[in-house]
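One letter stands for each residue in the lines below.
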Amino acid sequence: MKAAMLRSGSLEILDLPTPEPGFEEARVRMRSAGVCHSDLHIVRGDWAGVPDTMPVGHEGIGVVEALGPGAERYIDIGDRVILGLGGSGGGYWCGACEHCLSGEPRLCAQSRGIMGTFAEEFCVYARSLVRLPDDVGDEEAPLACGGLTAYGAVKKLFKHQVRPGTTIAIVGAAGGLGHYAIQIAKAFGYTVIGVDVGEEKLKFVESMGADFAVTPDDAPALVAEKTERGVSASLVFAARVVGFQLGLQLLGPGGLFVAVGIPPTSDGPITLQPFEFFVKSPTVIYSAVGNVQDMREVVDLAAAGKLKSHIGRVAKLSELPAVFDELEASRYVGRAVITDLGG
Ligand SMILES: [Zn+2]
Ligand SMILES: [Zn+2]
């Protein structure tokens, strides 16, 4: 079978033997695999501590074709499934530690990620698989990381009692995560101010359902006009620290700040005035990916027609190195999906 592998820092398409599913694992014949920005970081060696030799890809849709011992308790041969869980923590979790039991398996000491969906066949922990209804197409593979990450962030609004009907800001609203967050926040009943740069992106933000689309420069005035004392929550998907700073600025008293993007370290830290803390009493949290229950809820939203991926590029496996170059140069809008893993 064909698979993309990172070997000593270079991306190669190899012919590998068909993998055998281990204990509680299923082998999935992949029908599509999404290209996530974090794959690009891994392939380019941007993150210290991540190996330079490893399988790549962590978003996918496929059909279960073989089961290892014990996997039959979770899934059946022939099931069409979505897999990935954001890559981080989706490959295994113990199920019994304090983090697993509180719904944060990503923090489990035994957790493993999912890596290697750019392959014709892939073995994965069967408990992490979510069955897909027919009305969610193969091109929706990016829901597995991008969609789930946006969903996990918006769901934090409920956890922190930000009431539906209130106005929230989504900073970086036109991006690969932001465009999902707009749709999810609207489905949950929030009024959404989408913040991004440039006329074309603002049009796209409106087309995703945002009530208002605004540039970072105009955002403070719009928030002052549309809310009494600021937004009830800021969700920051921006990859620059200025976006984080803006998100804090737009926040009203008692508001929730949810950080999701990871700006380069060279951008420096966020500045917080302790006096502003006193005045606003904000809640500041980080949100990363989600768990298998969150993934089931994402699939339900997609099946109900309330959540859709914006796909800007479709390619076959042999084109993957070119797709990474294009992603790096921002040559397409939305997410890329590999739909022919043998091609
Ligand atoms: Zn990802
Ligand atoms: Zn655990």
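Residues numbered from 1 in each chain as written. Chains lettered and ligands numbered in written order. Predicted model: local features only at pLDDT ≥ 70, side-chain atom pairs only at ≥ 80, totals over all residues. Heavy atoms only, no water.

I'd love a proper account of the coordination of the zinc ion (ligand 2), names of residues and values included.
Taken together, the protein ligands of the zinc ion (ligand 2) are Cys94 (SG), Cys97 (SG), Cys100 (SG) and Cys108 (SG), with distances of 2.3 to 2.4 Å. Between the 4 donor atoms coordinating the zinc ion (ligand 2), the angles at the centre fall across 106 to 113°, so the site counts as tetrahedral. Along the chain, the residues donating to the zinc ion (ligand 2) fall in the pattern C-x2-C-x2-C-x7-C. Note on accessibility: cysteine 100 and cysteine 108 belong to one class, buried. (Donors = N, O, S within 2.8 Å, 3.2 Å for Na, K, Ca; no water. Tetrahedral: all angles 85-135°; square planar, octahedral: opposite > 155°, others 65-115°. Buried < 20%, exposed > 50% of the residue type's maximum accessible area, 1.4 Å probe, protein only.)

Explain the coordination of the zinc ion (ligand 1) to me, using residue names and the numbers behind them.
Put simply, a metal with four donors set out as a tetrahedron has ideal angles of 109.5 degrees, and one with six donors set out as an octahedron has ideal angles of 90 or 180 degrees. For the zinc ion (ligand 1), the full set of protein donor atoms is Cys36 (SG), His58 (NE2) and Cys145 (SG), and the range of their distances to it is 2.1 to 2.2 Å. The sequence motif formed by the donor residues of the zinc ion (ligand 1) is C-x21-H-x86-C. Residue cysteine 36 is located in the loop between β3 (25–35) and α1 (37–43), and its partner histidine 58 is located in the loop between β4 (54–55) and β5 (60–67); the two are separated by 22 residues in the primary sequence. Look at histidine 58 and you get buried, because its relative accessible area is 1%. (Helix = DSSP H or I, 4+ residues; strand = E, 2+ residues; numbered from the N terminus.)

How would you sum up the pairing of strand β10 (residues 191–195)? Please name residues and give values.
Across the 5 residues of β10, 4 count as buried, placing the element largely inside the fold. Two strands pair when backbone bridges link them, and strand β9 (residues 167–171) and β10 are joined in this way by 5 bridges, in the parallel orientation. Looking across to β10, one finds that valine 171 is bridged to valine 195. Between the parallel pair β9 and β10, the chain is carried across by helix α4 (residues 178–187), and the sense of this crossover is right-handed. Sheet topology places β10 next to strand β11 (residues 212–214); 3 bridges connect them, and they run parallel. The residue bridging glycine 194 from the neighbouring strand is alanine 213, located in β11. Since β10 and β11 lie parallel, the crossover through helix α5 (residues 199–207) that links them has a hand, and here it is right-handed. (Pairing = 2+ DSSP bridges. Right-handed = clockwise from strand over helix to strand, strands pointing away.)

Describe the packing of helix α3 (residues 146–159) against α4, and please don't skip the residues or the numbers.
Where α3 meets α4, the axes come as close as 9 Å, and the angle between the chain directions of the two elements is 45°. Here α3 lies oblique to α4, going by the angle between them. Considering how the two elements wind past one another, α3 and α4 form a crossing that is right-handed. Facing α3, whose interface residues are Gly146, Gly147, Ala150, Tyr151 and Val154, α4 presents Tyr180, Ala181, Ile184 and Ala185. (Axes fitted to C-alpha atoms, helices over the stretch in contact; angles between N-to-C directions. Parallel < 35°, antiparallel > 145°, perpendicular 65-115°, else oblique. Left-handed = near helix turned anticlockwise from the far one by under 90°. Contact = heavy atoms within 4.5 Å.)

Run through the sheet that holds β11, naming residues and quoting values.
Strands belonging to one sheet form pairs held by backbone hydrogen bonds; the direction of such a pair is parallel or antiparallel. Taken in spatial order, the 6 strands make up an open sheet running β11-β10-β9-β12-β13-β14, and their pairing is parallel. Among the strands making up the open sheet, the edge pair consists of β11 and β14 (283–286). Averaged over all adjacent pairs, the angle separating strand axes in this sheet is 20°, with direction ignored. As judged from the 4 bridges shared by β9 and strand β12 (residues 231–236), these two strands associate in the parallel manner. Of the residues in β12, the one forming a bridge with isoleucine 170 is leucine 235. Relative to β12, α3 is tilted by about 155°, and along the sheet it contacts β9, β12, β13 (251–259) and β14.

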